[in-house]
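Geometric and topological summary
The residues making up each chain are set out below.
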There are 2 protein chains.
Amino acid sequence: MDKAVQILSQHKLRKTPFRLDVLKLFLNNSTKGLTTHYIEESLEDFDRITLYRTLKTFEKSGVIHVAIDTSQTTKYALCHDDCTAHNHLDDHAHFLCNQCGETYCLENVIRPEITLPSDYTLSSAHLALSGICSSCNAQS
Amino acid sequence: MDKAVQILSQHKLRKTPFRLDVLKLFLNNSTKGLTTHYIEESLEDFDRITLYRTLKTFEKSGVIHVAIDTSQTTKYALCHDDCTAHNHLDDHAHFLCNQCGETYCLENVIRPEITLPSDYTLSSAHLALSGICSSCNAQS
DNA sequence: CTGTGTGCAAAGGGTTTGCAAGTAC
DNA sequence: GTACTTGCAAACCCTTTGCACACAG
């Protein structure tokens, strides 16, 4: 069973070769946030404009989400199975490694209880962490 | 006593008219994150390039910091008095209002205790919240 | 006076839009 | 066949760099 095909079907998106390639890239890096730069380097034969449109389509459909981290570069990461177009369930933390530059989705670091000032209504919370990741720590 | 002059002195920056204008803008919006777009609209007579350089200088000196929020636009906010060049003490939360688009610094919503997977070293944590702010809630 | 800041021009990088041709369903 | 997707060109916006002039200290 092809996971990529399944995801596109699930989100009612056409299964074009390009979309499948991009999606497989995310599936192979399911715990990381990917920059467009990285995606471009990983794709054999690509058109940058089509890539931007594909990412936007994926994001709108709930296939991927923008990973909020402390870098100023936009990073995209695979959504959970249960994300839909208007209900992104990506409240887990994103960790930017200051050494290797990778952004990791830390599924287990969930949003802690937050107390807002009165009259503020909370709809989403993202924890943007930075430091040194486990693999960089292991090398030193 | 002029607060703007004082801040520039404190950070050993030259007190040019332009810098004072920009800094006053931040002082008048001390709890908000400002976009370059907003700053440009607020300044009478400005050069965009100089503005970018001023913001970068302020950031490096610890006068302002980049406010991490869920918008994809860079926003700058005034630092605490005790921020220095290499020690930004801006671990408070940033709240993006989905209605008015304002970003608020919530000084009282501090970073909660975070438990990272083993071998991860934490150096900074930013809480990026979104929802509806108090003034928008009041109007509905 | 000296080193820093400013203003202008130009360039760079990321991202979006328009449109014709191609393709999934 | 029809609606959506792709690929190319061009444009757009934000941001940076280089350099001569102006100005703060």
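Everything here concerns the structure above.
These remarks concern the structure in this document. (Residues numbered from 1 in each chain as written. Chains lettered and ligands numbered in written order. Predicted model: local features only at pLDDT ≥ 70, side-chain atom pairs only at ≥ 80, totals over all residues. Heavy atoms only, no water.)

Some words on the nonpolar core
- Core analysis: the biggest nonpolar cluster contains 27 residues, and F95, L106, L116 and L129 of chain A together with F95, L106 and L129 of chain B have the highest contact counts within it.
- Contributions of two or more residues to this core are made by β4 (93-97), β5 (103-106) and β6 (121-132) of chain A together with β4 (93-97), β5 (103-106) and β6 (121-132) of chain B. (Core = buried A, V, L, I, M, F, W, Y, C linked by side-chain atoms within 4.5 Å. Buried < 20%, exposed > 50% of the residue type's maximum accessible area, 1.4 Å probe, protein only. Helix = DSSP H or I, 4+ residues; strand = E, 2+ residues; numbered from the N terminus.)

Structural notes on the side chain of E40 of chain A
- Position of E40 of chain A among the secondary structure elements: in helix α3 (residues 36-42).
- E40 of chain A sits in the buried class, given a relative accessible area of 11%.

Description of the interface of chain B and chain A
- Facing 34 residues of chain B, the contacting portion of chain A comprises 34 residues.
- Carbon and sulfur atoms supply 60% of the area that chain B and chain A bury against each other, a total of about 2,600 Å² over both sides.
- Remark: the boundary between chain B and chain A carries zero salt bridges.
- Along the contact surface separating chain B from chain A lie 17 residue pairs in polar contact (both at pLDDT 80 or more).
- The element best represented in the side of chain B that touches chain A is β6 of chain B, accounting for twelve residues.
- With eleven bridges connecting them, β6 of chain A and β6 of chain B associate as antiparallel partners. Bridging from a neighbouring strand, T121 of chain A pairs with I132 of chain B of β6 of chain B. (Contact = heavy atoms within 4.5 Å. Buried area = accessible area lost by both parts, 1.4 Å probe. Salt bridge = Lys/Arg side-chain N within 4 Å of Asp/Glu carboxyl O. Polar contact = N/O pair within 3.5 Å; in protein donor to acceptor, adjacent residues only side chain to side chain. Pairing = 2+ DSSP bridges.)

Some words on the protein's contact with DNA strand D
- Surveying the vicinity of DNA strand D reveals 18 residues, the closest of which are T16, R19 and R53 of chain A together with Y52 and K56 of chain B.
- Among all atoms of DNA strand D positioned within 4 Å of the protein, those belonging to sugar or phosphate total 58%.
- Contacts to DNA strand D include K15 of chain B, whose backbone N or O atom sits 3.3 Å from a phosphate oxygen.
- Side-chain polar atom of R53 of chain B to a base oxygen of DNA strand D: 3.3 Å apart, as the coordinates give it.
- Listed by contribution, the elements that provide at least two residues to the surface near DNA strand D are α2 (17-28) and α4 (48-61) of chain A together with α4 (48-61) of chain B.
- For the surface near DNA strand D, the element with the most residues is α4 of chain B, which contributes five residues.
- Residue composition of the surface near DNA strand D, by class: four nonpolar, five polar and nine charged. (Near = heavy atom within 4 Å. Nonpolar A, V, L, I, M, F, W, Y, C, P; charged D, E, K, R; others polar.)

So, the relation of the copies chain B and chain A
- The two copies are related by a screw motion: chain B maps onto chain A through a turn of 179° and a shift of 0.0 Å along the axis, at an RMSD of 0.2 Å. Both chain copies can therefore be described as sitting about a two-fold axis. The rotation axis passes nearest to the C-alpha of L127 of chain B in chain B, at a distance of 2.4 Å.
- By residue overlap, the copies meet face to face through one surface: 100% of the interface positions of chain B are interface positions in chain A. (Least-squares fit on C-alpha atoms with pLDDT ≥ 70 in both.)

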